[in-house]
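Chain and residue survey
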Number of protein chains: 2
Amino acid sequence: MSEGFQLSCPIPIRDYPNVTLAHGGGGRLMHDLISRMFFAAFGTNAAQSHDGAVLVPPTGARLAFTTDSYVVNPLFFPGGNIGELAVYGTANDLAMCGARACWLSVGFILEEGLPMETLWQVVQAIALAAQKCGAVIVTGDTKVVDRGKGDGVYINTAGIGVIEHDLDIGPAGLQEGDAIIVNGDLGRHGIAIMAQREGLALETEIESDCAPLWPQVCAMLEGGIEVHCLRDLTRGGLSSALNELASASAHRLFVREAEIPVSPGVRAVCELLGFDPLYVACEGRFVAIVKHDHAERAVELLRSAGAPEPRLIGSVQQKGTPEVILRSCIGTNRILDMLSGEQLPRIC
Amino acid sequence: MSEGFQLSCPIPIRDYPNVTLAHGGGGRLMHDLISRMFFAAFGTNAAQSHDGAVLVPPTGARLAFTTDSYVVNPLFFPGGNIGELAVYGTANDLAMCGARACWLSVGFILEEGLPMETLWQVVQAIALAAQKCGAVIVTGDTKVVDRGKGDGVYINTAGIGVIEHDLDIGPAGLQEGDAIIVNGDLGRHGIAIMAQREGLALETEIESDCAPLWPQVCAMLEGGIEVHCLRDLTRGGLSSALNELASASAHRLFVREAEIPVSPGVRAVCELLGFDPLYVACEGRFVAIVKHDHAERAVELLRSAGAPEPRLIGSVQQKGTPEVILRSCIGTNRILDMLSGEQLPRIC
């Protein structure tokens, strides 16, 4: 399949305009949905259709394994949709382990009455996104819940990635003096979803930053950067990610507000509605914690790999006090706490 | 943890009697739920908390990978609950690939308002079931959807298993003359769910057959049985499983109704309500297709490994006509077709 492909829905819409409970019942209708729509889109060989997929990992390689469910509302939003999110989100979690996504599973929970055409759009988006990540969808599952007991489509993806280097990337790798780098401006995804959901009329539409992160991570690894930790900035935004790292590694982290990129559009909406962009979710942004004298080169490599606005935003300080200190634009220091409650529900 | 452990809910019920949207928001409440409830139950080391788990598979081993979502209604039913189902179901799919379940992911989609105590019961059931399977829950995800947009809890599990033998177990392995064996009586799970859901007052309660299948599969493999294919009898029951195998392998399959075990209780409910037990879902039953002269020994091994009623029920016939022939109790042959629509929705 090539980018932007638009084939007609392989389930005859005239016969089945909407998903029915029987499409999850284990009989002929489910079989048809799986073989005609899913196998076709995901390039699965029906003859190998079995309860699971058999994989042969490279000899001696470590693997990364992760999962995420996606319940984003609405299903389609500026800059992306639930299908892209489900593939990139899980591939990005693998990238944060320093792993290249290889094999994905897709589990659908469909609501009775979902237009078949909508499902087909989502399935095509999944297929295309997996192709862009270089990953293969090897196994899946389909359930249908009664009308009113779902919200169109929920998707779970799990992924297995291959780790092709010897670094131990994780919170335990943080060292005093390490540089904290962010790959681009914050808050686009959360604000794009909210604007769409609330029907905000913005002068310039804000698009989600939803994107695969492996090319940027790979550029640093292949460029010889000593990467100590990676963390994507999803629910809870930069602030929650840094607090999690501080807590898991027992280090103080220090960041400078003036260095943290936020686009004027996102900043304007945040100011209008009282959101703090440091807490708003992204879907194509991450922090990289790298050896301090590799920081400049890491920023260059990120830029060359397509990172929109890579910036050195701070550093890892001494061990023993797990907290995040933000130096504000006016020069005062304050503790940047984790989000306590809920800012924007169901953004992923 | 030992069997039947009952610890009190680690989230203070007084403060949080129910799941709130904020428990999925990425902030402090979600963090607390994950670290205090999930990490505690699943034995996760919080210091390793990261976007994914890093695994080191045995050198040279093939792996199996599978996923299933669970939307069963009600969450608790005679003989099991959604948590056990989510672990055994995925471990069983791996067993059907001839793989021992090693690593599991758990993704929760929680409905706002779910009693915290209910979640805790489910989480404990998951932990205990994983322990019984010898599998470790290494990664997970939590989402919360608005009240009315879910149905208490939906769970996705994905699993990775290790294949420790050289057999290629799958539909492509079917050969003319192979024996078709079932490990026990059919239909308990579907009927148990339906009886509970519809409030049927049965003289003797029918319990789900929900159980891990790996010990039985392992007994055959270690006993030197040439296993050609395995398939668990979930949605669509024996009939759909055999039709899928016939279709994927292009073989005619022949089974004798008189040899297919169905308990009197299940048979009585089926007759009363017009269900055919050959189409009713099980959660602890499978068919094994084995080399024909290994059949007797396979039945013995299954029995010794705890299979409730292992029986040789038929054979694989010639290639070229993918269909399932049932010889009825009165001696006539008929085509056993795949379930066309929906018999019992949301049984798993």
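Residues numbered from 1 in each chain as written. Chains lettered and ligands numbered in written order. Predicted model: local features only at pLDDT ≥ 70, side-chain atom pairs only at ≥ 80, totals over all residues. Heavy atoms only, no water.

**Considerations on the overall build of chain A**
Across its full length, chain A carries 8 helices and 14 strands. Rg of the C-alpha trace for chain A: 21 Å, near the compact-globule value of 20 Å for 348 residues, within the 12% margin. Across the 348 residues of chain A, 61% fall into the buried class. Counting only contacts in chain A whose residues sit at least 6 apart along the sequence, the fraction spanning at least 24 positions is 87%. (Helix = DSSP H or I, 4+ residues; strand = E, 2+ residues; numbered from the N terminus. Rg over C-alpha atoms; globule rule 2.2 N^0.38 Å. Buried < 20%, exposed > 50% of the residue type's maximum accessible area, 1.4 Å probe, protein only. Contact = heavy atoms within 4.5 Å.)

**A few points about the sheet that holds strand β11 (residues 286–290) of chain B**
Residues and elements named next belong to chain B. Read from one edge of the open sheet, 7 strands run β9-β11-β8-β12-β10-β13-β14, paired in mixed fashion. Edge positions in the open sheet fall to β9 (227–232) and β14 (333–335), since each of these has one partner strand only. Neighbouring strand axes in the sheet, compared pairwise and without regard to direction, differ in orientation by 25 degrees on average. The strands touched by helix α2 (residues 82–96) within the sheet are β9 and β11, with β9 carrying the most contacts at an inclination of about 160 degrees. (Pairing = 2+ DSSP bridges. Axes fitted to C-alpha atoms, helices over the stretch in contact; angles between N-to-C directions.)

**A look at the pattern of salt bridges**
Two side chains bearing opposite charge may form a pair once their charged atoms approach each other closely. All names here are of chain B. Overall, the coordinates contain 38 salt bridges over all chains when judged by the stated rule. Here R62 ties to D168 by a salt bridge, and the two come within 2.9 Å at their closest N and O atoms. With R62 in strand β2 (residues 62–70) and D168 in the loop between β7 (153–163) and β8 (179–182), this pair connects stretches of sequence that are 106 residues apart. In this structure, E323 engages R252 in a salt bridge whose closest nitrogen and oxygen atoms are separated by 2.8 Å. Of this pair, E323 sits in strand β13 (residues 323–327) while R252 is found in strand β10 (residues 251–256), placing the two residues 71 residues apart along the sequence. (Salt bridge = Lys/Arg side-chain N within 4 Å of Asp/Glu carboxyl O.)

**As for the interface of chain A and chain B**
Every contact between the two is made by 80 residues of chain A and, on the other side, 80 residues of chain B. Taken over both partners, the interface formed by chain A and chain B buries close to 6200 Å², and the fraction arising from carbon and sulfur atoms is 57%. Interface area lost by chain A to chain B is led by D51, F65 and R235 of chain A, which between them contribute 13%. Counting the contacts that link chain A with chain B gives 12 salt bridges. Here R346 of chain B ties to D146 of chain A by a salt bridge, and the two come within 2.6 Å at their closest N and O atoms. Between the two partners, chain A and chain B, sit 26 residue pairs in polar contact (both at pLDDT 80 or more). Every element with two or more residues in the side of chain A that touches chain B is listed here: α1 (28–42), β1 (53–55), β2 (62–70), β5 (100–111), β6 (136–145), β7 (153–163), β9 (227–232) and α6 (237–249) of chain A. Looking at side-chain class alone, the side of chain A that touches chain B contains 37 nonpolar, 26 polar and 17 charged residues. The pairing of β2 of chain A with strand β1 (residues 53–55) of chain B spans 3 bridges and is antiparallel. Looking at the pairing, F65 of chain A lines up with A53 of chain B of β1 of chain B. (Buried area = accessible area lost by both parts, 1.4 Å probe. Polar contact = N/O pair within 3.5 Å; in protein donor to acceptor, adjacent residues only side chain to side chain. Nonpolar A, V, L, I, M, F, W, Y, C, P; charged D, E, K, R; others polar.)

**Describing the relation of the copies chain A and chain B**
Once turned by 180 degrees and shifted 0.0 Å along the axis, chain A lies on chain B with an RMSD of 0.0 Å. Accordingly, the operation relating the two chain copies is best matched by a two-fold axis. The share of interface residues of chain A whose copies in chain B are also at the interface is 100%, consistent with both copies meeting through the same surface. (Least-squares fit on C-alpha atoms with pLDDT ≥ 70 in both.)

**Thoughts on the domain arrangement of chain A**
Residues and elements named next belong to chain A. By domain assignment, chain A separates into domain 1 (21–163) and domain 2 (171–335). The C-alpha centroid of domain 2 is placed 28 Å from the C-alpha centroid of domain 1. Contacts between the two partners involve 19 residues from domain 1, matched on the other side by 21 residues from domain 2. Interface area for domain 1 against domain 2, summed over the two sides, is near 1700 Å², with a carbon-plus-sulfur share of 67%. Among the residues of domain 1 in contact with domain 2, P78, N92 and M96 are the three that bury the most area, contributing 36% of the side total. Across the contact surface, domain 1 and domain 2 share 0 salt bridges. Summed over the shared surface of domain 1 and domain 2, the result is 5 residue pairs in polar contact (both at pLDDT 80 or more). Looking at the side of domain 1 that touches domain 2, the elements with two or more residues in it are β3 (76–77) and α2 (82–95). The leading source of residues in the side of domain 1 that touches domain 2 is α2, at 7 residues. (Domains from an automatic or database assignment.)

**So, a nonpolar patch on the surface**
Residues and elements named next belong to chain A. A cluster of nonpolar residues, L200, L272 and L273, forms a patch on the protein surface that exposes about 270 Å² of accessible area. Mapped onto the elements of the fold, L273 is located in helix α7 (residues 264–273). The exposure class of L273 is partly exposed, given its relative accessible area of 38%. (Patch = residues over 30% accessible without salt bridge, like charges linked within 9 Å, V, L, I, M, F, W, Y side chains within 5 Å. Areas by Shrake-Rupley, 256 points an atom, 1.4 Å probe, with all protein chains shown as cover.)

**Quick look at the state of the cysteines**
A full pass over the atoms with the stated rule returns 0 disulfides over all chains. Cysteine C270 of chain A shares no disulfide, and the gap to the nearest cysteine sulfur, in C282 of chain A, comes to 10 Å. Left unpaired, C329 of chain B is separated from the closest cysteine sulfur, that of C270 of chain B, by 14 Å. (Disulfide = S-S within 2.5 Å.)

**Here we look at the packing of aromatic side chains**
Throughout the structure, instances matching the rule amount to 6 aromatic pairs over all chains. When the ring of F38 of chain A is compared with that of F42 of chain A, the centres are 6.2 Å apart and the planes differ by 20 degrees; the resulting orientation is stacked. Placement of the pair is F38 of chain A and F42 of chain A together in helix α1, with a separation of 4 residues, close to one helical turn. A residue is classified by how much of its surface remains accessible, and F38 of chain A, at 6% relative accessible area, is buried. Residue F42 of chain A is classed as buried on the basis of its relative accessible area of 13%. Ring centres 6.4 Å apart and planes at 85 degrees place the aromatic pair F65 of chain A and F65 of chain B in the edge-to-face group. Highlighted residues: F65 of chain A in strand β2 and F65 of chain B in strand β2, drawn from two different chains. (Phe/Tyr/Trp six-rings, centres within 6.5 Å; stacked < 30°, edge-to-face > 60°.)

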